[in-house]
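What follows is the residue order along each chain.
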Amino acid sequence: MLHATVTASQKRIAFRAGLSSGSLQRAPGAFNPLSAKLIEQQGFEGVYVSGAVLSAELGLPDIGLTTITEVAGRSQQIARVTALPALVDADTGFGEPMNAARTVQLLEDAGVAGLHLEDQVNPKRCGHLDGKDVVERDVAVRRIKAAVAARRDPDFVIAARTDAAGVHGLDDAIDRAKAYVDAGADLIFPEAMRTPSDFERIRAAVDVPILANMTEFGKSELIDARTLDSLGVNLVIYPVTGLRLAMKAVEDGLRVIADDGTQESLLDRMQHRRDLYELLDYSDYNEFDENIFNFRV
Ligand SMILES: C[C@](O)(C(=O)O)[C@H](CC(=O)O)C(=O)O
Ligand SMILES: [Mg+2]
């Protein structure tokens with residue numbers, strides 16, 4: 001009720017334990033706090049706060065227009081309603097290495113379990129588009145080092161994402177992944193991997209946990225969870241999946257209302273009022289109120 005009963009520190013410890021458990025952790029993107037509760041209810045191990053979703057929600061493309069204040073605010077809203085650890089997309093860290101350092105502290109304060117910083121130039125692009133570019137490896141290393149040095153909670157996870165595979169090829173992505181691990185990254189996010197064998201090569205190159213981004217309509221083959229697990233992937237994100245499902249359902253539903261003049265035929269495709277209330281722990285609020293208001297004459 002009102003908030004998750006698990007503290008930020010406990011979530012970070014649980015996130016690290018999951019990453020080193022040897023079994024795949026799954027973190028669908030929560031497109032709002034309510035959907036984070038649904039992700040928890042459905043038995044996933046974590047939630048992902050996607051930059052693509054956050055910008056799309058604001059009616060913007062994912063080209064680095066959102067600010068750290070917006071990202072931290074949304075991340076806090078999501079983290080506080082779920083017991084699951086949240087991993088946040090911190091793009092390029094919102095500027096210079098010093099901005100990346102501040103980003104770490106603001107996201108620690110937001111109560112999330114970790115973030116990822118990517119090696120793209122500013123302004124960044126979706127990692128699955130052509131025409132993106134990366135900064136020099138040393139610049140990215142400075143970004144990671146600044147982030148790691150700024151961390152106050154040693155359990156807060158700092159992930160390094162490399163977009164280099166789509167720009168200079170997989171060999172450069174592997175070199176960068178190694179350099180980012182040396183700089184202190186806890187987790188490697190190789191962006192826009194095409195096939196299982198790309199993940200195999202990353203897995204063989206680094207000792208830290210690795211992440212698979214199973215975003216749709218991009219460059220990556222959609223690989224099922226069991227296969228990812230057998231490839232030694234530690235964490236999979238489905239960043240925009242929930243938003244895509246919801247938006248298509250809403251679009252179809254709105255068309256029916258416009259055509260039929262009623263939503264009657266859509267009722268069995270809707271989350272029932274009862275299920276929404278259950279997700280919101282509505283009955284607990286009632287009980288809470290009764291306990292306060294117990295005046296009897
Ligand atoms: C993971 C990602 O960074 C995101 O913001 O969710 C995106 C996802 C997408 O645009 O499909 C990315 O892969 O760049
Ligand atoms: Mg992103």
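A brief report on the enclosed structure follows.

Reading the values: rules and limits
Residues numbered from 1 in each chain as written. Chains lettered and ligands numbered in written order. Predicted model: local features only at pLDDT ≥ 70, side-chain atom pairs only at ≥ 80, totals over all residues. Heavy atoms only, no water. Helix = DSSP H or I, 4+ residues; strand = E, 2+ residues; numbered from the N terminus. Rg over C-alpha atoms; globule rule 2.2 N^0.38 Å. Buried < 20%, exposed > 50% of the residue type's maximum accessible area, 1.4 Å probe, protein only. Contact = heavy atoms within 4.5 Å. Areas by Shrake-Rupley, 256 points an atom, 1.4 Å probe, with all protein chains shown as cover. Expected span 1.5 Å × (residues − 1). Arc of directions from axis to C-beta. Near = heavy atom within 4 Å. Polar contact = N/O pair within 3.5 Å; in protein donor to acceptor, adjacent residues only side chain to side chain. Nonpolar A, V, L, I, M, F, W, Y, C, P; charged D, E, K, R; others polar. Pairing = 2+ DSSP bridges. Axes fitted to C-alpha atoms, helices over the stretch in contact; angles between N-to-C directions.

1. Quick notes on the overall build of the protein
Alright, step 1. Each helix and strand in the protein was counted, giving 13 helices and 8 strands.
Alright, step 2. In terms of overall dimensions, the protein is globule-like: its C-alpha atoms have a radius of gyration of 20 Å, near the 19 Å expected for 297 residues.
Alright, step 3. In terms of overall dimensions, the protein has a C-alpha envelope of 70 × 50 × 35 Å along the principal axes.
Alright, step 4. Relative to its full complement of 297 residues, the protein shows a buried share of 47%.
Alright, step 5. When contacts within the protein are restricted to residue pairs at least 6 apart in sequence, those whose partners lie at least 24 apart make up 71%.
Alright, step 6. On the protein, roughly 14800 Å² of surface is accessible, and the fraction owed to carbon and sulfur atoms is 53%.

2. Remarks on helix α4 (residues 68-80)
Alright, step 1. Along its 13 residues, α4 runs 18 Å from first to last C-alpha, staying within 8% of the 18 Å computed at 1.5 Å per residue.
Alright, step 2. Within the span of α4, buried status applies to I68, V71, A72, S75, I78 and A79. Buried residues of α4, viewed axially, fall in a sector of 130°; they line one side.

3. Topic: the site of ligand 1
Alright, step 1. S50, A52, G127, E191 and T215 are the nearest of the 16 residues found near ligand 1.
Alright, step 2. Within the contact set of ligand 1, an oxygen atom lies 2.7 Å away from a side-chain nitrogen or oxygen of D89.
Alright, step 3. A distance of 2.7 Å is found between an oxygen atom of ligand 1 and a backbone nitrogen or oxygen belonging to G127.
Alright, step 4. Contact with the protein chains covers 96% of the free accessible surface of ligand 1, which is 350 Å².
Alright, step 5. Residue composition of the shell around ligand 1, by class: 5 nonpolar, 6 polar and 5 charged.

4. Describing the sheet that holds strand β2 (residues 47-49)
Alright, step 1. Across the sheet, 5 strands lie side by side as β2-β3-β4-β5-β6; this open sheet has parallel pairing. The sheet terminates laterally at β2 and β6 (187-190), the two strands that pair on one side only. Direction aside, neighbouring strands of the sheet carry axes that sit 25° apart on average.
Alright, step 2. Examined bridge by bridge, strand β4 (residues 114-118) and strand β5 (residues 157-162) share 5 bridges and lie parallel to one another.

Keep in mind these values describe shape, not function.
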